Amino acid sequence: MKVRVLQNLEAISREAAAVFKVAAKNCIALKGSFAAALSGGSTPRRFYTLLGSEKYIEKIDWSCVHLFWADERCVSKEHEDSNFRVAFETFISKVPLPASGIHRIKGEKEPEDAAMEYEDEIKGFFGKKALPVFDLIILGVGEDGHTASLFPDSTALKDTLRLAVPVYTDRGNRVTLTLPVLNNAEQILFLAAGSSKAEVLYEILEGKNRKKYPAGLVKPTMGKVTWLIDTMAAGKLKRGQSLKD
Ligand code: 6PG
């Protein structure tokens with residue numbers, strides 16, 4: 001695991017866009033496709049906006065890109081809380097990504113139906129047998145240590161059989177990828193910025209009880225994990241830059 005402490009959110013966003021571009025280029029060169037899963041929240045918005053900017057439109061062969069989501073809120077794709085809508089408005093609407101490259105979680109459906117359909121969508125792309133291997137999964141972290149829609153003490157954290165599950169919370173229902181899928185990824189990129197994340201980042205990255213936090217349970221067996229955090233979010237870290245496990 002690598003922790004990179006960068007100056008601010010802009011620096012994190014630029015680095016994330018560069019990581020996405022390089023991963024896409026390498027995967028497309030190697031196997032003709034690139035499958036990434038995106039998260040919602042506020043942190044990745046600038047990163048997504050950069051992907052839709054002149055600089056990146058030509059640099060990525062969007063015809064070979066397949067976008068999935070790490071999680072989605074159970075709302076319509078037009079709803080302001082929709083993770084798909086955030087990605088659509090910031091870059092999907094601006095890049096030549098074919099409709100066949102969009103593997104949306106249908107938040108407008110009943111959570112259980114949406115989760116089952118999404119699992120079929122994932123299997124349709126990766127095959128039915130083994131766990132999917134996403135080339136890149138973009139994750140954030142909440143102040144409670146949640147990631148995707150895997151919240152502390154939630155039953156979703158224990159699900160080792162399904163690829164995607166419904167999550168029922170008092171802040172609205174969601175669908176999320178499960179830990180086995182996250183931990184089977186080729187590459188995980190966590191983005192975190194701001195002082196509000198400093199405490200939970202210390203607990204996850206340097207504390208004695210990282211497994212108490214869902215984000216602390218993300219440790220791909222083969223893939224690599226990089227945390228891109230700004231100086232504010234790193235405020236309580238003692239070991240700082242390029243921490244290695
Ligand atoms: C979501 C995200 C969620 C997010 C964290 C951090 O759908 O909300 O997937 O896991 O990454 O809550 O959100 P911020 O980036 O807004 O701090």
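Look up: the structure comes first, before these words.
Just so it is clear, the structure is predicted and the values come from calculations on it, not from any experiment. Positions within a chain are numbered from 1, following the residues in the order the chain's sequence is written. Side-chain atom pairs in this predicted model are given and counted only at pLDDT of 80 or more, local residue features only at pLDDT of at least 70, and totals for whole chains, interfaces and linings cover all residues. In computing side-chain properties, one takes all heavy atoms of the structure into account and sets aside hydrogens as well as water.

**Points about the overall build of the protein**
Heads up, the condition is: To qualify as a helix, a DSSP run of H or I must reach at least 4 residues; to qualify as a strand, a run of E must reach at least 2; elements of each kind are numbered from the N terminus. The reference for a compact globule is 2.2 Å times residues^0.38; the radius of gyration itself is calculated from the C-alpha atoms. Buried residues are those whose accessible area, probed at 1.4 Å on protein chains only, stays under 20% of the maximum for their type, while exposed residues exceed 50% and partly exposed ones sit between those limits. Only the protein chains shown count as cover for residues, with accessible areas throughout obtained via the Shrake-Rupley method and a probe of 1.4 Å. This count recognises Lys and Arg as positive and Asp and Glu as negative, with His and chain-terminal groups excluded. Where a charge lies is defined by one atom per residue type: Lys uses NZ, Arg uses CZ, Asp uses CG and Glu uses CD.
In terms of regular secondary structure, the protein is built from seven helices and ten strands. In terms of overall size, the protein behaves like a compact globule, its C-alpha atoms giving a radius of gyration of 17 Å where 245 residues would be expected to give roughly 18 Å. Taken along the three principal axes of its C-alpha coordinates, the protein extends 45 × 40 × 35 Å. The buried share of the protein, taken over its 245 residues, is 56%. With the model as given, the accessible surface of the protein reaches about 11,100 Å², and the carbon-plus-sulfur share is 52%. Separation of charge centres in the protein, based on 35 positive and 31 negative side chains, amounts to 7 Å.

**Details of the packing of aromatic side chains**
Put simply, the rule reads: What counts as a ring pair is set by centres within 6.5 Å for rings of Phe, Tyr and Trp (its six-membered ring), and what kind of pair is set by the plane angle: stacked under 30 degrees, edge-to-face over 60, tilted for all other angles. The rule is short: NZ of Lys or CZ of Arg within 6 Å of the ring centre and within 35 degrees of the ring normal puts a charge over the ring.
Applying the stated rule across the entire model yields 15 aromatic pairs. Centroid distance Phe68 to Tyr118: 6.5 Å. Interplanar angle 55°. Geometry classified as tilted. With a gap of 50 residues between them, Phe68 in strand β3 (residues 65–69) and Tyr118 in helix α5 (residues 111–126) connect regions that are remote in the sequence. Since its relative accessible area comes to 1%, Tyr118 is described here as buried. Aromatic side chains Phe190 and Trp227 sit 3.8 Å apart centroid to centroid with 5° between the ring planes, which places their arrangement in the stacked category. With Phe190 in strand β8 (residues 187–192) and Trp227 in strand β9 (residues 224–230), the pair connects residues that are 37 residues apart, well separated along the chain. Comparing Phe190 with Trp227, the two get one shared label, buried. Connected via pairs of aromatic rings, a cluster forms that spans Phe20, Phe34, Phe47, Tyr48, Trp62 and Phe91. The side chain of Arg104 reaches across the aromatic face of Phe84, ending 5.7 Å from its centre.

**Here's the deal with the nonpolar core**
Looking at soluble globular proteins, one finds that nonpolar side chains tend to be buried together. Put simply, the test is: For the purposes of this section, nonpolar cores are sets of buried Ala, Val, Leu, Ile, Met, Phe, Trp, Tyr and Cys residues that join through side-chain atoms within 4.5 Å. The contact rule is simple, with two residues in contact once any of their heavy atoms fall within 4.5 Å.
Core analysis: the biggest nonpolar cluster contains 84 residues, and Phe20, Phe34, Leu67, Phe91, Trp227 and Ile229 have the highest contact counts within it. Here this core gets nine residues from one element, more than from any other, and that element is helix α1 (residues 9–31). What Phe34 contacts, discounting residues up to four positions off in sequence, is Phe20, Ala23, Ala24, Cys27, Ile28, Cys64, Val65, His66, Asp135 and Leu136.

**A closer look at the sheet that holds strand β7 (residues 174–177)**
Spelled out, the test is: DSSP bridges decide pairing: two strands pair if at least two such bridges lie between them. Structural elements are reduced to axes, namely lines fitted to C-alpha atoms, with helices fitted over the stretch in contact, and the angle between N-to-C directions of any two is expressed from 0 to 180 degrees.
Spatially, the three strands line up as an open sheet ordered β4-β7-β6, and their pairing is antiparallel. Two strands bound the open sheet, and with one partner strand each, they are β4 (71–73) and β6 (164–167). When the angles between neighbouring strand axes are averaged without regard to direction, this sheet yields 15°. As defined by bridge partners, β4 adjoins β7 across three bridges and the pair is classed as antiparallel. Across the sheet, the residue bridging to Asp71 is Thr176, located in β7. Sheet contacts for α5: β6 and β7; angle to β6, the most-contacted strand, approximately 165°.

**Digging into unusual backbone geometry**
Within the chain, Ala148 stands out as a residue other than glycine whose phi angle is a positive 50°. As for its placement among the helices and strands, Ala148 is situated in the loop between β5 (136–139) and β6. What makes Ala148 buried here is its relative accessible area of 8%. Here the phi dihedral of Asp153 falls at roughly 65°; this positive angle occurs in a residue that is not glycine.

**Comments concerning the environment of Gln187**
Considering the arrangement of structural elements, one finds Gln187 in strand β8. Linking Gln187 and Pro220, residues 33 residues apart in sequence, is a C-alpha distance of 8.0 Å. Beyond its immediate stretch of four places on either side in the chain, Gln187 contacts Val19, Ala23, Phe134, Asp135, Leu136, Ile137 and Lys224.

**Thoughts on the site of the ligand**
Put simply, the test is: Any residue with at least one heavy atom within 4 Å of a molecule or strand is counted as near it. Here a polar contact is recorded for every N or O atom pair within 3.5 Å, except that within protein the pair must consist of a potential hydrogen donor and a potential acceptor, and residues adjacent in sequence are included only if both atoms are side-chain atoms. Charged residues are taken to be Asp, Glu, Lys and Arg, nonpolar residues to be Ala, Val, Leu, Ile, Met, Phe, Trp, Tyr, Cys and Pro, and polar residues to be all remaining types, Gly included.
Close to the ligand lie 15 residues; Thr43, Arg73, His146, Ala148 and Lys197 are nearest. In the model, an oxygen atom of the ligand is placed 3.0 Å from a nitrogen or oxygen of the Asn83 side chain. Burial of the ligand by the protein amounts to 88% of the accessible area it has alone, namely 420 Å². Its residues placed into classes, the shell around the ligand shows two nonpolar, nine polar and four charged.

**Observations regarding α5**
Rule in force here: Expected helix span is given by 1.5 Å per residue-to-residue step, counting one fewer step than there are residues. Directions from the helix axis toward the C-beta atoms define the arc.
The first and last C-alpha atoms of α5 sit 22 Å apart over 16 residues, in line with the 22 Å expected at 1.5 Å per residue. Residues Pro111, Ala114, Ala115, Tyr118, Glu119 and Ile122 constitute the buried set of α5. For α5, the arc enclosing every buried residue in end-on projection is 135°, short of the 170-degree limit, so these residues lie on one face. Within α5, the exposed residues directed more than 90 degrees away from the buried face are Asp120 and Gly124. Tucked inside the fold, the buried residues of α5 contact β3, β6 and β7.

Function-wise, these values are silent; they only describe arrangement.
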